[in-house]
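What follows is the residue order along each chain.
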Amino acid sequence: MKGLILVNAYTQSEHELNQPRRIQAELAARGTQCDLVRNDFVPAYLSGGVRSDAASAYDFCVYLDKDSYASHLLERAGMRLFNRADAVEDCDDKMRTHIALAGIVPMPTTVAAPLCYTPGAPLSAQFLARTEAILGYPVVIKECYGSLGKGVCLAHDRRELEAIAEKLQRVPHLYQRFIAESAGQDLRVIVIGGKAIAAMRRVSQNDFRSNAELGGRGEKAVLDRAAADIAERAAQTLGLDYCGVDLLLSGDGPLVCEVNSNAFFGTFERVTGVNVAGLYADHILRTLEQTPRTEKNGKARFSET
């Protein structure tokens, strides 16, 4: 059996490559070799149907990109992806994540911004008034696409809300109730194969966002049953093999903030001592053993990253 680990076509940094290399090493230690490849070799294309040399060359793919076209094409060609295309797509769009999880797990009150297709159209005063009435101030504004804390900001009054809304008018975004008790901190829970394995508290002294990339630090945290249950329900609802569920710590209990289908785990492994890559490798191989795939011949080879 041979696997493909697919990363974004433009991935360059060592920080981003740590995750795929760790998974590659853990799979190799279990007797399964994987090629680590950037998604720039046309893994699948349309020609009277879906055609894919990659689907013939490999038995599975650890998909660490967010390119939804490539993932759906690979699945149409018969390849098993970890995570599946629909799950990655739902996590990549923060509003779609909240819609999928509505009524299933507790989340902050959230309002979707109306999409604007007309350049220069005036802001809707009615929408802004209703949004501030529902959410109060400060209000969190998030671009629907983005990671590592980018595209997330606070508006403290109507003037700031209008300025941000105007800037993002033609960008998919959402508005969310600010959870004051969790300002500058959250709980990252890693879930693999539907089971929460450990938790890391992320803390920032300088920002309401706790992302390590914005100056936050990670520290080992106790994973209680309430947080584990919420994280597991979120992962199972979205159909994820692997994810990081970010929980805000409100006075009423944990709230799902975001779900990251490709959550980096370098800091998580370091502070918790948990072999995340190894547990993910075990889940992948166990899943493949339970759903054997007919071996294909003529396996192609691609240059490794």
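How each quantity is defined
Residues numbered from 1 in each chain as written. Predicted model: local features only at pLDDT ≥ 70, side-chain atom pairs only at ≥ 80, totals over all residues. Heavy atoms only, no water. Helix = DSSP H or I, 4+ residues; strand = E, 2+ residues; numbered from the N terminus. Buried < 20%, exposed > 50% of the residue type's maximum accessible area, 1.4 Å probe, protein only. Contact = heavy atoms within 4.5 Å. Pairing = 2+ DSSP bridges. Axes fitted to C-alpha atoms, helices over the stretch in contact; angles between N-to-C directions. Core = buried A, V, L, I, M, F, W, Y, C linked by side-chain atoms within 4.5 Å. Parallel < 35°, antiparallel > 145°, perpendicular 65-115°, else oblique. Left-handed = near helix turned anticlockwise from the far one by under 90°.

Caption draft 1: Inspection of the environment of Met-95 at higher detail. Counting through the fold element by element, Met-95 comes out in helix H5 (residues 94–101). Relative accessible area serves as the criterion here: at 16%, Met-95 is assigned to the buried category. Sequence-wise, Met-95 and Cys-144 are 49 residues apart; in three dimensions their C-alpha atoms are separated by 6.0 Å. For Met-95, the residues in contact, after removing those within four places along its chain, are Thr-110, Ala-112, Cys-144 and Leu-174.

Caption draft 2: Geometry of the sheet that holds strand E10 (residues 173–177). Taken together, the 4 strands give an open sheet; going across it, the order is E7-E10-E8-E9, and neighbouring strands pair in antiparallel fashion. Two strands bound the open sheet, and with one partner strand each, they are strand E7 (110–112) and strand E9 (152–155). Sheet twist, expressed as the average angle between the axes of neighbouring strands with direction ignored, equals 25°. Against the sheet, helix H7 (residues 158–167) contacts strand E8 (139–143), E9 and E10, and its axis sits at roughly 145° relative to E9.

Caption draft 3: Region of interest: unusual backbone geometry. The omega torsion of the bond from Phe-82 to Asn-83 falls at 0°, within 30 degrees of zero and hence cis. You can see Asn-83 is positioned in the loop between strand E6 (81–82) and helix H4 (85–92). A cis amide bond, omega -5°, links Tyr-137 with the succeeding residue Pro-138. As for its position among the elements, Pro-138 is in the loop between helix H6 (125–135) and E8. Even without being glycine, Val-42 reaches a positive phi, approximately 60°. Turning to its location among the elements, Val-42 is positioned in the loop between strand E2 (33–38) and strand E3 (45–46).

Caption draft 4: The arrangement of the sheet that holds strand E5 (residues 60–64) in detail. Spatial ordering of the open sheet is given by E2-E1-E5-E6, a layout of 4 strands whose pairing is parallel. Only two strands of the sheet have a single partner each, and these edge strands are E2 and E6. The pairing of strand E1 (residues 2–7) with E5 spans 5 bridges and is parallel. Note on E5: the bridge partner recorded for Ile-5 is Val-62.

Caption draft 5: Structural view of the nonpolar core. With 26 residues, the main nonpolar core has Ile-23, Leu-27, Phe-60, Val-62, Tyr-242 and Tyr-280 as its most contacted residues. The element best represented in this core is helix H10 (residues 276–290), accounting for 7 residues. If you look at the next biggest cluster of nonpolar residues, it comprises 23 residues, including Leu-187, Val-191, Ala-227 and Leu-247.

Caption draft 6: Representation of the packing of helix H3 (residues 68–76) against H4 within the structure. Direction vectors running N to C along H3 and H4 enclose 165°, while the axes themselves pass 9 Å from each other. Taken as axis vectors, H3 and H4 run roughly antiparallel relative to one another. The handedness of the crossing between H3 and H4 is left-handed. Here Ser-68, Ser-71, His-72 and Glu-75 of H3 lie close against H4, whose contacting residues are Ala-85, Asp-86 and Glu-89.

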